[in-house]
Amino acid sequence: MPSTWLITGATSGFGRLVAERALADGAHVIAVGRRHDRLAELAESAPHGQVTPVALDITAPGAQDILAEAVRAAGGLDVLVNNAGYGLFGSVEQVDADAARAIFDTNVLANLAVLRATLPALRAARGRILQTSSLIGQFAWPSSGLYSASKGAVELISEALAHELAPTGVKVTIIEPGTFATEFSTSLQVVAPNDVYLPTVGQFLSDFAALPPQAFGDPDTVADAIMAVAELDEPPLRLAVGADAVEHIRASLRSRLAELDRWESFPRVPVGERA
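Read on for an overview of the structure. (Residues numbered from 1 in each chain as written. Predicted model: local features only at pLDDT ≥ 70, side-chain atom pairs only at ≥ 80, totals over all residues. Heavy atoms only, no water.)

## Focus on the overall build of the chain
And then number 1: Within the chain, the regular secondary structure consists of 9 helices and 9 strands.
And then number 2: Scaling as 2.2 N^0.38, a compact globule of 275 residues should have a C-alpha radius of gyration of about 19 Å, and the chain matches this with 20 Å.
And then number 3: With respect to the three principal axes, the spread of C-alpha positions in the chain is 75 × 45 × 35 Å.
And then number 4: Every one of the 275 residues in the chain was classed for burial, and the buried ones make up 44%. (Helix = DSSP H or I, 4+ residues; strand = E, 2+ residues; numbered from the N terminus. Rg over C-alpha atoms; globule rule 2.2 N^0.38 Å. Buried < 20%, exposed > 50% of the residue type's maximum accessible area, 1.4 Å probe, protein only.)

This is the structure:
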């Protein structure tokens, strides 16, 4: 029997590529995105009835109910690719409360709404959950504080979820892509640094903007990884995709371990014995 996938952010980037691959494998895809025109294009490119387009802002108050109804109408769900999100770069101080709230609404709270809408069906199918994070869900660059915090939240929510769902047979994998040539940059919001942050945030943004095209990986690599891991009997909890993701995450973990080793016995003099 063909599987059913629900993919958020299915109109562009990794979500669109995964949707196309799942359709090519004969899956029924519940494609969720904001753009009616791109969802229509996806539906027209597939055999009749193979795509259920759901034009939806997943931060909307009724989004959870709409998605749950789409899953019920499809007769169940085997794979969730919880992929929708956007980027925000700017110093921690300069990102205002509205912008901070908005990125958590989309990248974290809407992610949770999608999970709540789909988990009953996924448990029934002993299905798969693929949560899209980022290499900077494991650490932060100058300027990525709020975005990294939102993806870090997704990482820890997903880790807890994996433990909680273990007895049900549902498998959770966090996808941590490196830097890839997708439409992510077109939706990226940037808060220009003031004079205080020019040496750090400004320099980072300048260096990032100067990266050559070959520094950005082929996004097909991420779509291929998602398709492959969805088929594994025992998938990893985390999957870093791209040489830069592996390199930077490994360096971050080594740095944290070194710091832990250095300070594990601090304070060395018990408080009560101080002069």
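From this point, things continue past the structure.
## Quick notes on the pattern of salt bridges
Opposite charge on two side chains permits pairing when their charged atoms draw close.
And then number 1: On inspection of all chains with the given rule, the structure shows 11 salt bridges.
And then number 2: In this structure, the salt-bridge partner of Arg238 is Glu155, at a minimum N-O distance of 2.7 Å. Of this pair, Arg238 sits in strand S9 (residues 238–241) while Glu155 sits in helix H5 (residues 145–165), and the two are 83 residues apart along the sequence.
And then number 3: A residue is classified by how much of its surface remains accessible, and Arg238, at 29% relative accessible area, is partly exposed. (Salt bridge = Lys/Arg side-chain N within 4 Å of Asp/Glu carboxyl O.)

## Some thoughts on the nonpolar core
And then number 1: Residues Trp5, Ile7, Val18, Val29, Val81 and Leu130 are the most contacted members of the largest nonpolar core, which totals 29 residues.
And then number 2: Of all the secondary structure elements, the ones that give two or more residues to this core are strand S1 (4–8), helix H1 (13–24), strand S2 (28–33), helix H2 (36–44), strand S4 (79–82) and helix H8 (220–230).
And then number 3: Among the elements that make up this core, the one with the highest residue count is H8 (7 residues).
And then number 4: The next biggest cluster of nonpolar side chains, apart from the first, holds 27 residues, and it includes Ala84, Ala117, Leu122 and Leu165. (Core = buried A, V, L, I, M, F, W, Y, C linked by side-chain atoms within 4.5 Å.)

## With respect to the sheet that holds S1
And then number 1: If you trace the 7 strands from one edge of the open sheet to the other, you get S3-S2-S1-S4-S6-S7-S9, paired in parallel fashion. Lying at the two open borders of the sheet, with one neighbouring strand each, are strand S3 (51–55) and S9. Strand-to-strand twist in this sheet, taken as the mean axis angle between neighbours without regard to direction, amounts to 15 degrees.
And then number 2: As paired elements, S2 and S3 share 5 bridges and run parallel to each other. Looking at S3, one finds that Gly33 is bridged to Ala55. (Pairing = 2+ DSSP bridges. Axes fitted to C-alpha atoms, helices over the stretch in contact; angles between N-to-C directions.)

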